[in-house]
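Here is what each chain is made of, one letter per residue.
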Amino acid sequence: MSHKKHKKVVLFASGSGSNVQKICEYFQNHQIIKVTHLYCNSSKARVLEKAKAFGIDYTLFNKAELLDSDKVLENLLKTRPDLIVLAGFLLKIPKKITEKFSNKIINIHPALLPKFGGRGMFGINIHKAVIDKKEKRTGISIHYVNEKYDQGANIFQKEISVKESDTPQTLSKRVLKIEHEYFSKTIEKILNGGK
Ligand code: GRF
């Protein structure tokens with residue numbers, strides 16, 4: 001009898017959840033890796049529907065519960081995930097969680113960190129800033145999460161070129177497409193012991 005132990009991935013997301021959708025699809029019939037839980041800070045987030053469609057349990061919490069209570073931390077300690085994946089999660093993960101799960105939390109950012117990271121750099125703002133600065137290249141960064149915003153070690157980056165004709169919207173679409181292409185593969189590599 002084979003008793004392969006699954007590796008558990010839990011997701012944190014606040015938004016529309018296109019990355020969550022792709023990750024759930026990718027690991028749906030995976031031999032080793034299972035997406036077991038979604039943590040979400042908005043009862044209206046579209047990501048909830050996506051997780052429900054895959055039968056994934058979720059925990060809702062608000063900002064105060066994340067920062068001032070141990071609700072999320074205790075839940076995570078019980079779940080014992082092998083990897084915590086922030087897939088479009090807008091709140092900062094508090095230190096009490098990052099220190100308990102050091103090197104076990106990753107995030108995806110739609111720019112080439114350390115450029116275009118930090119406060120205010122989310123969503124369309126990032127792509128606006130990239131175009132304003134006349135950058136020739138942009139892309140995605142998948143990185144470890146520590147208590148400093150967007151400053152954990154990089155795990156993977158993929159570059160694309162910025163075209164003369166790009167608007168923040170067209171750029172955002174092309175960047176999101178490469179997120180979808182590489183995020184799940186990178187999660188798989190990390191959990192398989194690769195980089
Ligand atoms: C992505 O661009 C991701 O890089 C950023 O938030 C966005 C989430 O999009 N952290 P979605 O909710 O997965 O569609």
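Before reading further, recall that the structure is shown in the block above.
Report follows, based on the coordinates. (Residues numbered from 1 in each chain as written. Predicted model: local features only at pLDDT ≥ 70, side-chain atom pairs only at ≥ 80, totals over all residues. Heavy atoms only, no water.)

### Considering the sheet that holds strand S3 (residues 57–60)
Then, number 1: If you walk across this open sheet you meet the seven strands as S3-S2-S1-S4-S5-S6-S7, and the pairing is mixed. Of all the strands in the sheet, the pair left with one neighbour each is S3 and strand S7 (154–161). Between one strand axis and the next, the sheet turns by 20 degrees as a mean value, whatever way the strands run.
Then, number 2: Direction of pairing for strand S2 (residues 33–40) relative to S3: parallel, over a ladder of four bridges. Each bridged residue has a counterpart across the sheet, and for Leu 38 the counterpart in S3 is Tyr 58.
Then, number 3: Running over the sheet, helix H7 (residues 168–191) touches strand S1 (7–13), S2, strand S4 (83–86), strand S5 (105–109), strand S6 (137–144) and S7 and is turned about 30 degrees from S6. (Pairing = 2+ DSSP bridges. Helix = DSSP H or I, 4+ residues; strand = E, 2+ residues; numbered from the N terminus. Axes fitted to C-alpha atoms, helices over the stretch in contact; angles between N-to-C directions. Contact = heavy atoms within 4.5 Å.)

### Quick notes on a positive patch on the surface
Then, number 1: The grouping of Lys 63, Lys 92, Arg 119 and Lys 148 at the surface amounts to a positive patch.
Then, number 2: Its location among the elements puts Lys 63 in helix H3 (residues 63–68). (Patch = residues over 30% accessible without salt bridge, like charges linked within 9 Å, V, L, I, M, F, W, Y side chains within 5 Å. Areas by Shrake-Rupley, 256 points an atom, 1.4 Å probe, with all protein chains shown as cover. Salt bridge = Lys/Arg side-chain N within 4 Å of Asp/Glu carboxyl O. Lys, Arg positive; Asp, Glu negative; His and termini not counted. Charge placed at Lys NZ, Arg CZ, Asp CG, Glu CD.)

### Some remarks on the pairing of S5
Then, number 1: Along S5, five of the five residues are buried, which leaves the element largely enclosed by surrounding structure.
Then, number 2: As defined by bridge partners, S4 adjoins S5 across three bridges and the pair is classed as parallel. Bridge pairing in S5 links Ile 84 to Ile 105.
Then, number 3: Pairing geometry for S5 and S6, over four bridges, is antiparallel. Of the residues in S6, the one forming a bridge with Asn 107 is His 143. (Buried < 20%, exposed > 50% of the residue type's maximum accessible area, 1.4 Å probe, protein only.)

### Points about the packing of aromatic side chains
To describe a pair of aromatic rings, one takes the distance between the centres and the angle between the planes.
Then, number 1: Overall, the coordinates contain six aromatic pairs when judged by the stated rule.
Then, number 2: Judged by centre distance (6.2 Å) and plane angle (55 degrees), the ring pair of Phe 61 and Phe 89 falls under tilted. Taken as a pair, Phe 61 in the loop between S3 and H3 and Phe 89 in the loop between S4 and helix H5 (95–100) lie far apart in primary sequence, 28 residues in all. Comparing Phe 61 with Phe 89 shows no difference in burial state: the two are buried.
Then, number 3: An aromatic cluster is present here, built from Phe 12, Tyr 39, Phe 61 and Phe 89 joined pairwise through their rings.
Then, number 4: Lying over the aromatic face of Tyr 182, Lys 185 brings its terminal NZ or CZ to 5.5 Å of the ring centre. (Phe/Tyr/Trp six-rings, centres within 6.5 Å; stacked < 30°, edge-to-face > 60°. Lys NZ or Arg CZ within 6 Å of the ring centre and 35° of its normal.)

### Points about unusual backbone geometry
Then, number 1: With an omega of 10 degrees, the peptide bond running from Leu 113 to Pro 114 counts as cis.
Then, number 2: Unlike most non-glycine residues, Asn 103 shows phi in positive territory, near 65 degrees.
Then, number 3: With respect to the helices and strands, the residue Asn 103 is situated in the loop between H5 and S5.
Then, number 4: Backbone geometry places Phe 116, a non-glycine residue, at a positive phi of 60 degrees.
Then, number 5: With respect to the element layout, Phe 116 can be found in the loop between S5 and helix H6 (124–132).
Then, number 6: Judged by its relative accessible area of 15%, Phe 116 is buried.

### Thoughts on the pairing of S2
Then, number 1: Counted residue by residue, S2 has six buried out of eight residues, so it is predominantly covered.
Then, number 2: Across seven bridges, the pairing between S1 and S2 is parallel. The residue bridging Ala 13 from the neighbouring strand is Cys 40, located in S2.
Then, number 3: Tracing the backbone out of S1, into helix H1 (residues 18–27) and back to the parallel element S2 gives a crossover that is right-handed.
Then, number 4: Taking the sense of rotation as the criterion, the β-α-β connection linking S2, helix H2 (residues 47–53) and S3 turns out right-handed. (Right-handed = clockwise from strand over helix to strand, strands pointing away.)

Purely geometric numbers; function is a separate question.
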